[in-house]
Structure formats: C-alpha cells, structure tokens
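# Inside the fold
Here is how the chains run, residue by residue.
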Amino acid sequence: MTFPQQLIDGYRAFLISRLRHEQDRYRTLAESGQTPQIMVIGCCDSRVSPEVIFDAGPGALFVVRNVANIIPPYEPDTRAHGVSAALEFGVGALRVKHIVVLGHAQCGGVRAFADDAEPLSPGDFIGNWMKLMTPAAEKIGPRGTLSRSEYLTKLEQANVVNSLENLKTFPRLAKIIEHGHVQVHGAYFGVATGELSVRDDRTGAFAPVAAEDHARLFGSPRF
Ligand SMILES: [Zn+2]
C-alpha cells in the first residue's frame, strides 16, 4: 500500500507555508486546548471545505461534515449518532456561540434525493440518509414550472433550513438557542460563482454577503 503522494506533497507545502507561520498558534492550542466559537455543519463534498471558504486557521472552526450537511432530528435511542455527539461536544463542552449549517450548489446528495425513485435497500446508506431530507422536499412542494437547477437550488436551501429546524428538536439545545446563548445560521455556497449567501431569519431568504467585494473582484455573478 502506498500513501498517496498528493498528500505527502501537500504536507510538505503545509510545512513550508502554513506551519511556519502558524507554529506558535499550534503550540498554544496544544497547550491550552481548542476554544472555537463557531461550529459548522457542512457537506463532505470536496469543493466546499469550510476552512477554505472562511479562510479559517487552526482552532477557529469546529467542523462536522456529512453527505448533504444534514443534522438529523433528536433520537434518544441507544444507537450511535455522529452529528448529535458532535453537537453535544460543540455546545456542551466547547461552548460554541454559533452553529452554521453550510449548504452548497451542485450538491450530489441533494441531487441523488431529487432523482432517486428507486426503492431503498437496507444497505443503501445514502438513500436512507437522504430520507432525512423528506420534510424539506415536502415543504417546498413539487417542482412545477421551475427548471431543474432552480428546483435543486430551492431544495438545497430548504435542506439547510430543515437542518436548522432539527437543531431545535434537541431539548437542551433548543433552550440554549431560545436563551440566545447559541445563535444558529443558514449559509449557502455557490461552487461555480464562489458566492456566499446567508439566510435572513426574518424573511427566510438567502442573500449574498460581501457582495460588493465579490462583484469588484469577479464581476457580475455567473449562474
Ligand atoms: Zn453536498
């Protein structure tokens, strides 16, 4: 077995650049432990690394990634729940102040859900996982006159909202959110455009942030 050369080369680059600049920070974090203020739930997709999008250094973000950035609802059974465990650790132990659900365009998980009419088998882990999106799909209703890409965008954003709503099914977390100790946010990254949108709590709409900077650097958004 050969460890991928790409990773060895990447590690060398890390040694030369980031580690040289951030070594003190790594040492401090090793001694004092991590105290990230922000938890991000993102997708596994290789194009949407939260640390890259938010230019975050070591210790800045507590990140959980899974297919289609889903937070499953509270299920207090005896089975293992990875996202719930991470939430418990992030909120209970690290005391993060913000939870961000980061959705994205061209999400393969969301597309699989929208396309897949096949009956699920017990070994169909993606299919069973994506079933968690059903409330989001029900909420937005049928595709109607929307183009396929418009519908997928709507579903991707509804899926972010569904994850945010599932956060509130965790009784202790719901109280913490209600008291304002933790703020929850929905965000959406356009892979092709590089645009980041954030959900407005009051209107429910996703609106671009730093839009002027984006327009100045990259011109009009391309869809
Ligand atoms: Zn995705």
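Scroll up for the structure.
Residues numbered from 1 in each chain as written. Predicted model: local features only at pLDDT ≥ 70, side-chain atom pairs only at ≥ 80, totals over all residues. Heavy atoms only, no water.

### Looking at the overall build of the protein chain
Cut-off, in case you're wondering: A run of DSSP states H or I qualifies as a helix once it reaches four residues; a run of E qualifies as a strand once it reaches two. Both are numbered from the N-terminal end. Within these notes, the globule rule equals 2.2 Å times the number of residues to the 0.38 power, and the radius of gyration is based on C-alpha atoms. Burial classes: relative accessible area under 20% of the type maximum marks a residue as buried, over 50% as exposed, and values in between as partly exposed (1.4 Å probe, protein chains only). Contact criterion: two residues are considered in contact whenever any of their non-hydrogen atoms come within 4.5 Å of each other. All accessible-area figures derive from a Shrake-Rupley calculation using a 1.4 Å probe, and residue coverage is judged against the displayed protein chains alone.
Within the protein chain, the secondary structure is distributed over nine helices and six strands. Rg of the C-alpha trace for the protein chain: 19 Å, near the compact-globule value of 17 Å for 223 residues, within the 12% margin. Reported as C-alpha extents along the three principal axes, the dimensions of the protein chain are approximately 55 × 50 × 45 Å. Sorting the 223 residues of the protein chain into buried and exposed places 35% on the buried side. Intrachain contacts of the protein chain at a sequence separation of at least 6 include 64% that bridge at least 24 residues. A total of about 13800 Å² of accessible surface is found on the protein chain, and carbon and sulfur atoms cover 56% of it.

### A look at the coordination of the zinc ion
Which entries qualify depends on this criterion: Note that water is not among the atoms used; donors are N, O and S atoms within 2.8 Å of the metal (3.2 Å for Na, K and Ca), so sites may look incomplete.
The zinc ion binds to the protein through Cys 43 (SG), His 104 (NE2) and Cys 107 (SG); the donor distances cover 2.0 to 2.2 Å. In terms of primary sequence, the donors binding the zinc ion are separated according to C-x60-H-x2-C. Of this pair, Cys 43 sits in strand 1 (residues 38-43) while Cys 107 is found in the loop between strand 3 (98-104) and helix 4 (108-115), placing the two residues 64 residues apart along the sequence. Residue Cys 107 is classed as buried on the basis of its relative accessible area, which comes to 1%.

### Some points on the nonpolar core
Just so we agree on the cut-off: Remark: nonpolar core denotes a set of buried residues (Ala, Val, Leu, Ile, Met, Phe, Trp, Tyr, Cys) joined through side-chain atoms within 4.5 Å.
Met 39, Ile 41, Ile 71, Leu 87, Ile 99, Leu 167 and Leu 173 are the most contacted members of the largest nonpolar core, which totals 25 residues. Listing elements by their share of this core, those giving two or more residues are strand 1, strand 2 (61-66), helix 3 (82-93), strand 3, helix 7 (148-167), helix 8 (171-178) and strand 4 (183-189).

### Overview of the environment of Ala 192
Its place among the elements puts Ala 192 in the loop between strand 4 and strand 5 (196-199). Given a relative accessible area of 53%, Ala 192 falls into the exposed group. Sequence separation between Ala 192 and Ala 105 is 87 residues; the distance between their C-alpha atoms is 8.0 Å.

### Quick word on the environment of Pro 73
Structurally, Pro 73 is set in the loop between strand 2 and helix 3. Once the C-alpha coordinates of Pro 73 and Asn 166 are considered, the two residues, 93 residues apart in sequence, prove to be 4.7 Å apart. Once residues lying within four places of it in the same chain are set aside, the contact partners of Pro 73 are Leu 132, Asn 166, Thr 169 and Phe 170.

### Examining a nonpolar patch on the surface
What counts here: Patch rule: a residue counts if its relative accessible area is over 30% and it has no salt bridge; like charges are joined within 9 Å, and nonpolar side chains (Val, Leu, Ile, Met, Phe, Trp, Tyr) within 5 Å. In the sections that follow, a salt bridge refers to a side-chain nitrogen of Lys or Arg positioned within 4 Å of a carboxyl oxygen of Asp or Glu.
There is a patch of nonpolar side chains on the surface, built from Tyr 11, Leu 15 and Ile 16 and spanning about 300 Å² of accessible area. When you line up the elements, Ile 16 lands in helix 1 (residues 5-32). Overall, the relative accessible area of 53% leaves Ile 16 in the exposed class.

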